[in-house]
Amino acid sequence: MKDNIRIFKNADESAVAVAELIKNEAITKKQAGKKLNIAISGGSTPKQLFTLLGDEYEKSIPWDAVRFFWVDERCVEPTDADSNFGMTYDALLQRAFIPGENIFRMKGEDVPENEAERYQKLLWSELPARDGFPVLDLVLLGMGADGHTASIFPDNLSLLDSEFSVSVAIQPITGQKRITLTGNTICNAEKIVFLITGENKADVLKKIIKKEVGSEVYPTYHIVARSSNVKFYLDKAAAVKL
Ligand code: 6PG
């Protein structure tokens, strides 16, 4: 198995492994007098991770040295059940040990085009830059069963090459507008971690990892192909076809 792929018995153990990675990254940054700039995804998979971090990592992670950015956000109120921020707030960010000044949420409730522009400016002001794009330390991604990641869907691969750091996207089935980091911003990160669980991801994941003919239709394929710093944290169910 490739050395950038780690497979765990179940989603719980996968979440623990990513929590440990985040802990180690944060400690390393803190020891260097710096902060960990992490961009997080939404959806159901990371909820387990965020809950674990909130319940069991208060003391072991230097939270003052962790700054939260978002990979994407649904264009809804933060209190909406669909909100990525809302999910993360309930699971982790509401905890008193998370400094509010370290939370840089995408404002899904605002006009999408305006928020994409605002967030792009925010990234440029809060992060270092390299090759014309902001640099995050760690980007935590998921993957949909259709091979999408962030809010870059198979019907809009142009977001991978956008000149912008942040863009408006549309969920192809629901038509829901999203704010998303673009492919160039994601691939500019120091490290990218895909946390993928569940057998419903197994087929597409196999095609992408084995670089099968036709896997270029999946946005996740292109993130992997363009980045030398991608790691996969999988449960056995998602990895069953590898
Ligand atoms: C989102 C996420 C999205 C997610 C995948 C996987 O806003 O939905 O950023 O890219 O990572 O859809 O979602 P699940 O973890 O729920 O399968």
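As a reminder, the structure under discussion sits directly above these lines.
Now for a look at the structure at hand. Owing to the predicted nature of the structure, the values given are computational and were not obtained by experimental measurement.

1. What about the sheet that holds strand β9 (residues 177-181)?
Step number 1: Reading across the sheet, the three strands line up as β4-β9-β8 and stay open at both edges, with antiparallel pairing between neighbours. Strands with a single pairing partner mark the edges of an open sheet, and in this sheet they are β4 (72-74) and β8 (166-170). If you compare each strand with its neighbour and ignore which way they point, the axes differ by 20° on average.
Step number 2: Sitting on the sheet, helix α4 (residues 112-126) is in contact with β8 and β9, with an inclination near 145° to β8.

2. A word on the sheet that holds strand β2 (residues 36-40)
Step number 1: Spatially, β1-β11-β10-β7-β2-β3 is the arrangement adopted by the six strands of the open sheet, whose pairing is parallel. A single partner strand is all that each edge strand has here, and the edge strands are β1 (5-8) and β3 (66-70). Averaged over all pairs of adjacent strands, the angle between their axes in this sheet comes to 20°, without regard to strand direction.
Step number 2: As judged from the five bridges shared by strand β10 (residues 191-196) and strand β11 (residues 230-235), these two strands associate in the parallel manner. Along β11, the bridge assignment pairs I196 with L234.

3. Looking at unusual backbone geometry
Step number 1: In this structure, D131 takes a positive phi of about 55° despite not being glycine.
Step number 2: With respect to the helices and strands, D131 occurs in the loop between β5 (129-130) and β6 (133-134).
Step number 3: Here D131 falls in the exposed class, since its relative accessible area comes to 69%.
Step number 4: Located in the positive-phi region is A150, a residue other than glycine, with phi close to 50°.
Step number 5: Classification of A150 as buried rests on a relative accessible area of 7%.

4. Examining the nonpolar core
Step number 1: Among the nonpolar cores identified, the biggest contains 76 residues, and I22, L49, L53, W63, F68 and F232 are the most heavily contacted of them.
Step number 2: Sort the elements by how many residues they give to this core and helix α1 (residues 11-31) lands first, with seven residues.
Step number 3: Look past the residues within four positions of F232 in its chain and what remains in contact with it is N4, I5, R6, F194, I196, L205, I209 and V224.

5. Regarding α1
Step number 1: Taking 1.5 Å per residue, 21 residues should reach 30 Å; α1 reaches 30 Å between its end C-alpha atoms and fits that length.
Step number 2: For α1, the full list of buried residues reads S14, A15, A17, V18, A19, L21, I22, K23, E25 and A26.
Step number 3: Capping the start of α1, N10 holds a side-chain oxygen 3.1 Å from the backbone nitrogen of D12, two or three residues further along.
Step number 4: Once α1 finishes, G33 follows within two positions and takes phi at roughly 70°, a positive value.

6. Brief notes about the packing of aromatic side chains
Step number 1: One pass over the full model with this rule turns up seven aromatic pairs.
Step number 2: Where F194 meets F232, the ring centres are 5.3 Å apart and the plane angle is 15°; that geometry is what we call stacked. Of this pair, F194 sits in strand β10 while F232 sits in strand β11, and the two are 38 residues apart along the sequence.
Step number 3: The class of F194 is buried, set by a relative accessible area of 0%.
Step number 4: Taken together, the ring pairs connect W63, F68 and F97 into an aromatic cluster.

7. Considering the pairing of strand β7 (residues 138-141)
Step number 1: Where burial is concerned, the two faces of β7 agree: the one with L138 and L140 and the one with V139 and L141 are both buried.
Step number 2: Taken together, the two bridges between β2 and β7 define a ladder with parallel strand orientation. If you follow I38 over to β7, its bridge partner there is L138.
Step number 3: As defined by bridge partners, β7 adjoins β10 across four bridges and the pair is classed as parallel. Counted as the bridge partner of L141 is F194 from β10.

Conventions we followed
- Residues numbered from 1 in each chain as written.
- Predicted model: local features only at pLDDT ≥ 70, side-chain atom pairs only at ≥ 80, totals over all residues.
- Heavy atoms only, no water.
- Pairing = 2+ DSSP bridges.
- Helix = DSSP H or I, 4+ residues; strand = E, 2+ residues; numbered from the N terminus.
- Axes fitted to C-alpha atoms, helices over the stretch in contact; angles between N-to-C directions.
- Contact = heavy atoms within 4.5 Å.
- Buried < 20%, exposed > 50% of the residue type's maximum accessible area, 1.4 Å probe, protein only.
- Core = buried A, V, L, I, M, F, W, Y, C linked by side-chain atoms within 4.5 Å.
- Expected span 1.5 Å × (residues − 1).
- Polar contact = N/O pair within 3.5 Å; in protein donor to acceptor, adjacent residues only side chain to side chain.
- Phe/Tyr/Trp six-rings, centres within 6.5 Å; stacked < 30°, edge-to-face > 60°.

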